[in-house]
Number of protein chains: 2
Amino acid sequence: MATFESYLDDNKTRFEQDLCDWLKIASISTDSAYKEQVLQAAQWLHRRIDALGFHTELIETCGHPIVYGESPAIANAPTVLVYGHYDVQPPDPLDEWETPPFEPNIRGGNLYARGATDDKGQMITHLFSVEAWKKTMGDLPVQIKFLIEGEEECGSGGLYEFLAGKYDQDQPVTEKLAADIAVISDCSQYGPGQPAITYGLRGICYFELLLNGPSQDLHSGAFGGSVANPANALSKMMTALIDEQGRIQIPGFYDDVIPLTELERKQFADLNFDNDAYMKQLDVDDLSGEAGYSTLERRWARPTFDINGMWSGYQGEGAKTILPAHAGAKFSFRLVPNQDVEKITESLRTMLLQICPAGIQMELVEHHGAPGFVLPLENPYMQAASDAIEHGFGTKPVLIRSGGSIPVVNSFSSQLKIDTLLLGWGQDDDNLHSPNEKFSLADFHKGIRSSAYLWQEIAKIPT
Amino acid sequence: MATFESYLDDNKTRFEQDLCDWLKIASISTDSAYKEQVLQAAQWLHRRIDALGFHTELIETCGHPIVYGESPAIANAPTVLVYGHYDVQPPDPLDEWETPPFEPNIRGGNLYARGATDDKGQMITHLFSVEAWKKTMGDLPVQIKFLIEGEEECGSGGLYEFLAGKYDQDQPVTEKLAADIAVISDCSQYGPGQPAITYGLRGICYFELLLNGPSQDLHSGAFGGSVANPANALSKMMTALIDEQGRIQIPGFYDDVIPLTELERKQFADLNFDNDAYMKQLDVDDLSGEAGYSTLERRWARPTFDINGMWSGYQGEGAKTILPAHAGAKFSFRLVPNQDVEKITESLRTMLLQICPAGIQMELVEHHGAPGFVLPLENPYMQAASDAIEHGFGTKPVLIRSGGSIPVVNSFSSQLKIDTLLLGWGQDDDNLHSPNEKFSLADFHKGIRSSAYLWQEIAKIPT
């Protein structure tokens, strides 16, 4: 049994009280009326990291400050960058909360408060685990750098400027944040009693296609049949992007896809995903997607094409007999690791220009793009995390992916050249961004314990 | 030279003055603030028809009154039903009128006023032609029935109730309006100096397709690839309705189409339609439509499929990564003579249900439908009209069609079992429904003369 175990047991109530103190500060980053509280939450955290003996900074940005802290470097031991955020979502609608969002309340083993799981409650597990090490061992076995921002819920503007070097002083940000691995606890376990490591994310490329036909809406009787209809053209062009098997038709689209390994497919299959419950949850009578892949494979590890929005002509009540002058769609592709946003964008543009009907002018607008991310199963940090979580939760974590994108993971990868361990202590039904946000206190303490073991396991990895 | 010729010459100025008197009455049917003026315009017309010695009625309806008048029956001579409307469009935007809309003004040979061509100026030609006959010949050679409504610009609610028999008193409406042919002058010539008979109209069937997927918008990262996207499905279903050659893919859609005859195709071709000018007018760099047909054929005499409106998901600024819960489209088919609205509706519904993807619920809403209309080229009334127009304009009319639908023509056909002659004295650029509506005074007088000859020519047709 590790030396810090008893410390963690002895301080459970105090950890909860400390988290509650922090949760009482309404650090709603998106609402300027809460600017003072956001600052107070940052200062609270800054003091706590300072108390650990870390070198700390409260870094002013264009928005809310970044709380930074680093422990002394340890010779021949890895450095871990811990990212999180101290800001929270607005609590509306207030009248749907059973207890007030900024008056933390414990019931049924859960702590209810805005920020309980997203992300104050999850983030602070890493602070308490450091405290346990310091109080029991005197020193940490690895160097830890805390990078905790206050704008995750409103675009992370300050963080991205910081990562781009805009606030550099005595050293470049890439040097300041240099680390062997990043750790983020801002997501979920696979389910109750089943911890997980999220080892892959999908990327995205998001576009807007604008089609222009005649200079104004035309009478569909007088003109229909003589001139290309932008709405017809839009349907046709969108439909051409994907076939009946759900395979995307952009030339070269799949060229760089790293196929799922047999081991990964087996791991996904072993999760026994319940399609029926999922259909019930979404209120659909069938599932759909790329032929030949399971639901989890399609959600987590295969590319997709989805129209996100579409518009043309008359959308009001009744009938209007027009041939619309314009049509447009927003659409996006979820990408998987190794697909290249730029290559796909160029191939898409070429294809759309080829299939755009005569008499229609097209404009393709590029919105954001981000590559997918995956940690190889054999990555030593992932093994360390798996062992740590098994110690902390008493259960071996499953390896899962997520279908979405986490931009900061891409930034760490591209700007800092470090991989990220996504270690979620939460649950899917924790009501992030909704009323009655909660965090299981049992998972909170297991998270702290896992974090404490994580430093120990990572310390074993040769640098 | 016909007896009425000199009367028409002698009364030119007075005809213009009378029309101007009528045009001064702002009979804007859609705006209840003008209810009194609409009634005044009806009463004005009622008095004028009465003065011809006709039996007249001012028929109250749910909306504005119908002005009805009939001359005595003529043994062994045809009866002609003349339809028109005395109401006008609102004149907005007022500041774009060069002279006020209800102060008729003559400049450059044109009479400018709201209603100058649509339809007071065109309708009244038939009243003046009757006057000329009465003043010079004593009697008309045919029986004439005037059916002039006051709600053409706001839905014709009263007229349709009247045609359905709702206001029947001593005789059924079908008997009251019994006639051998209907005449409507509420459209245009082919071009300046080139009168025309519009002998065909397209029909229409108009639908709305609503697709419902998951019960709410989903995150396209977390869920994309696992469930059918209603916007993707909508694009696919719309695209399936038409092929690359512009041929509609609904089973049986073309079964009942009466093909254009070689004579008709030659007549269209002889009109030397200017594709380049048309492209310039519409501001497009190419024309488009069903392969194998000319522009006029495609506009006037071939069926079409046009999406009239379309919507789904996020239409605002920037990017929103959702898989939309719903998508919808309004779309319509222009039909040609002999196509059956109900048959096509049923075949469409069957097809859409077959191609609707699993996981999507569809709802197909039927808006309005109307069959196409065509007068056979050898129809004796068309020959009569052609001869009359040649007398009136000094030029043989060309035979054209129109791509739109005129519901009253369908009502006459289905409810009264009579065909309609569409004899337009206007021009395409007369600014109907726009500021500076105008009517060429030369065409006005040629229209009166043609109308006077029309009664003479029709009288020759054996009943």
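Given the structure is predicted, the values throughout are model-derived calculations rather than measurements.

## Let's talk about the relation of the copies chain B and chain A
- Once chain B has been moved 0.1 Å along the axis and rotated by 180°, it coincides with chain A to within an RMSD of 0.1 Å. Taken together, the rotation angle and the small translation identify this as a two-fold axis.
- Interface overlap between copies is the fraction of interface residues in one copy that are interface residues in the other; for chain B against chain A it reaches 99%, indicating a shared surface.

## Describing the confidence of the model for chain A
- The predicted model of chain A averages 96 in pLDDT, with 100% of residues at 70 or higher.
- Here the complex is predicted with pTM 0.90, and the ipTM for its interfaces comes to 0.90.

## Quick word on the packing of helix 2 (residues 12–23) of chain A against helix 4 (residues 120–137) of chain A
Residue and element names in this part refer to chain A.
- The N-to-C vectors of helix 2 and helix 4 enclose an angle of 135°; their axes lie 11 Å apart at closest approach. It follows from the interaxial angle that helix 2 and helix 4 lie oblique. Considering how the two elements wind past one another, helix 2 and helix 4 form a crossing that is right-handed. On the side of helix 2, the interface is formed by Phe 15, Leu 19, Trp 22 and Leu 23, while helix 4 contributes Lys 120, Gly 121, Ile 124 and Phe 128.

## Some words on the interface of chain B and chain A
- Chain B puts 67 residues into the contact, and the matching count from chain A is 66 residues.
- Those elements that provide at least two residues to the side of chain B that touches chain A are strand 10 (218–219), helix 7 (220–223), helix 8 (230–240), helix 11 (295–300), strand 11 (304–313), strand 12 (322–323), strand 13 (326–335) and strand 14 (361–370) of chain B.
- Per-element accounting of the side of chain B that touches chain A gives the leading share, nine residues, to strand 11 of chain B.
- Here strand 11 (residues 304–313) of chain A pairs with strand 11 of chain B via five bridges, running antiparallel.

## Observations regarding the sheet that holds strand 18 (residues 438–440) of chain A
Residues and elements named next belong to chain A.
- On the basis of which strands lie adjacent, the open sheet formed by three strands has the order 4-5-18 and antiparallel pairing. Whereas interior strands pair on both sides, the edge strands pair on one side only; in this sheet they are strand 4 (105–107) and strand 18. Taking each pair of neighbouring strands and ignoring which way they run, the sheet shows an average axis angle of 25°.
- Bridge analysis of strand 4 against strand 5 (residues 110–112) gives three bridges, and the strand direction is antiparallel. Across the sheet, the residue bridging to Ile 106 is Leu 111, located in strand 5.
- Its contacts with the sheet place helix 15 (residues 441–459) against strand 4, strand 5 and strand 18, and it is angled at close to 65° to strand 18.

## Side note on the domain arrangement of chain A
Residue and element names in this part refer to chain A.
- Structurally, chain A comprises domain 1 (4–201 + 373–459) and domain 2 (203–257 + 303–369).
- The distance between the C-alpha centroids of domain 1 and domain 2 comes to 40 Å.
- Tallying the contact residues gives five residues for domain 1 and four residues for domain 2.
- Across the side of domain 1 that touches domain 2, the residue classes tally to two nonpolar, three polar and no charged.

Criteria and thresholds
Residues numbered from 1 in each chain as written. Chains lettered and ligands numbered in written order. Predicted model: local features only at pLDDT ≥ 70, side-chain atom pairs only at ≥ 80, totals over all residues. Least-squares fit on C-alpha atoms with pLDDT ≥ 70 in both. Contact = placed C-beta atoms within 7 Å. pLDDT = per-residue confidence, 0-100. Axes fitted to C-alpha atoms, helices over the stretch in contact; angles between N-to-C directions. Helix = DSSP H or I, 4+ residues; strand = E, 2+ residues; numbered from the N terminus. Parallel < 35°, antiparallel > 145°, perpendicular 65-115°, else oblique. Left-handed = near helix turned anticlockwise from the far one by under 90°. Pairing = 2+ DSSP bridges. Domains from an automatic or database assignment. Nonpolar A, V, L, I, M, F, W, Y, C, P; charged D, E, K, R; others polar.

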